[in-house]
Amino acid sequence: MSAEPVIAAVDGSEHSLLAFEWALAAARRHAAPLRVVHVRQYAAWGQADVLVAGPPGAEGDPVLDEVRTRLAGRAEEPAVELVALEGVPGAVLPELGAEARMLVLGSRGRGGFASLLLGSNGLAAARDAECPVIVVPPPGRDGGAADAVRAAEEYGGTPAGPGPRIVVGLHVDSPDEAVLDFAFTEAALRDARVQVIAAYPWPLQTWSAPGQPVPPPVDRDDIEHETRVLADGFLAPHRKRHPGVRADAEALPGDAAGRLVAASRDAELVVVGRHRRRLLAPARMMGSVTQAVLLHAESPVAVVPPGPPQE
């Protein structure tokens, strides 16, 4: 059994209980323990007249009691630890990623507005945690996915095909091995195939004078061919490490976020990366594509932090 736990963050909302079930299945697949955490925001240490003797206990916590009820009578489940913490969830949850295999959250918790597509805690965890963060949306969510499908169909594309799929976004100009490794590992555990989306901008336009676009100096077929060649090169070592995993690389024109959202329909998981820290931009950032996928994908989304820089 892996020593690193799968951590599920719960707050009693239906969204978080969906995430708990997803995390339970993930822990089973990875042969890892499951740690279920409830971060109580009404912290005692925030009250000036209360002396705190230690962290809160899991006993008597109604949110964790609901988890116990759901676990009762289930056989062959992984080892489960229930933990109650106090603090600001948006700050506490990312810190838990330092010792986790993955951190799993619902797309929205008990607080906030019902119209929000992604809660602040999920956004903070996806941006700041040191481990992969999985955000689980409610069933049937359509945060614009239908529009993304129509936009993607404008330039064509390969039908998704039957069977379980792991979708992963690949930026051929700056690929991240950690993102690809996570996608292939999940596919191997699920007996799924990997659908690799390598999008390139199209149509290209150049301007000779204000309001006078001219045809692009390169041919679309050439760009598509070069994108596919680069994608296959980056995928080669992962295909070798996981010979039982089928991986289909698709070089597709148009917006990367729209392509990934469109591919999320009926997918097991969509895997995207997070920006690497740069000298002039030291803060953690997710990027516009990752944020759009988190907001609009119909499947769970895994946000994978960047791996160590390549020598």
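Given the structure is predicted, the values throughout are model-derived calculations rather than measurements. (Residues numbered from 1 in each chain as written. Predicted model: local features only at pLDDT ≥ 70, side-chain atom pairs only at ≥ 80, totals over all residues. Heavy atoms only, no water.)

## Brief notes about the pairing of strand E11 (residues 269–273)
In step 1: Most of E11 sits out of view: four of its five residues are buried.
In step 2: Note that strand E6 (residues 165–169) and E11 share three bridges and pair parallel. Looking at the pairing, Val168 lines up with Val271 of E11.
In step 3: Pairing geometry for E11 and strand E12 (residues 301–304), over four bridges, is parallel. Directly across from Val270, in E12, lies its bridge partner Val301. (Buried < 20%, exposed > 50% of the residue type's maximum accessible area, 1.4 Å probe, protein only. Helix = DSSP H or I, 4+ residues; strand = E, 2+ residues; numbered from the N terminus. Pairing = 2+ DSSP bridges.)

## Focus on the sheet that holds strand E4 (residues 102–106)
In step 1: Strands sit in the order E3-E2-E1-E4-E5-E12-E11-E6-E7-E10 across an open sheet of 10 strands; the sheet is mixed. Two strands close off the open sheet at either side, each with one partner strand: strand E3 (80–86) and strand E10 (247–253). Strand-to-strand twist of the sheet, defined as the mean angle between neighbouring strand axes without regard to direction, takes the value 25°.
In step 2: Bridge analysis of E6 against strand E7 (residues 193–200) gives five bridges, and the strand direction is parallel. Residue pairing in the sheet places Arg165 in a bridge with Arg193 of E7.
In step 3: Packing of helix H6 (residues 177–190) onto the sheet brings it into contact with E4, strand E5 (133–136), E6, E7, E10, E11 and E12, and relative to E6 it is tilted by some 175°. (Axes fitted to C-alpha atoms, helices over the stretch in contact; angles between N-to-C directions. Contact = heavy atoms within 4.5 Å.)

## Topic: the pattern of salt bridges
In step 1: Evaluated as defined, the whole model comprises 16 salt bridges.
In step 2: Arg265 is paired through a salt bridge with Glu298; the nearest N and O atoms lie 3.1 Å apart. You can see Arg265 sitting in the loop between helix H8 (256–263) and E11 and its partner Glu298 sitting in the loop between helix H9 (288–296) and E12, a full 33 residues away along the chain.
In step 3: Since its relative accessible area comes to 24%, Glu298 is described here as partly exposed.
In step 4: When salt bridges with common partners are traced through the structure, they connect Glu21, Glu66, Arg70 and Arg74 into a single cluster. (Salt bridge = Lys/Arg side-chain N within 4 Å of Asp/Glu carboxyl O.)

## Topic: the pairing of E4
In step 1: Burial runs high along E4: five of the five residues are buried.
In step 2: Neither face of E4 is exposed, since Met102, Val104 and Gly106 on one face and Leu103 and Leu105 on the opposite face are all buried.
In step 3: By the bridge criterion, three bridges tie strand E1 (residues 6–9) to E4 in an arrangement that is parallel. When the sheet's bridge partners are listed, Ala8 is paired in E4 with Val104.
In step 4: Where E4 meets E5, four bridges bridge the pair, whose relative direction is parallel. Its bridge partner being in E5, Leu103 is matched across the sheet by Val133.

## Overview of the environment of Leu180
In step 1: Locating Leu180 in the fold gives a position in helix H6.
In step 2: Classification of Leu180 by relative accessible area gives buried; the value is 1%.
In step 3: As for Leu180 and Leu170, which are separated by 10 residues in sequence, their C-alpha atoms are 8.0 Å apart.
In step 4: Here Leu180 is in contact with Val168, Leu170, Phe234, Leu235 and His238, once residues within four sequence places are set aside.

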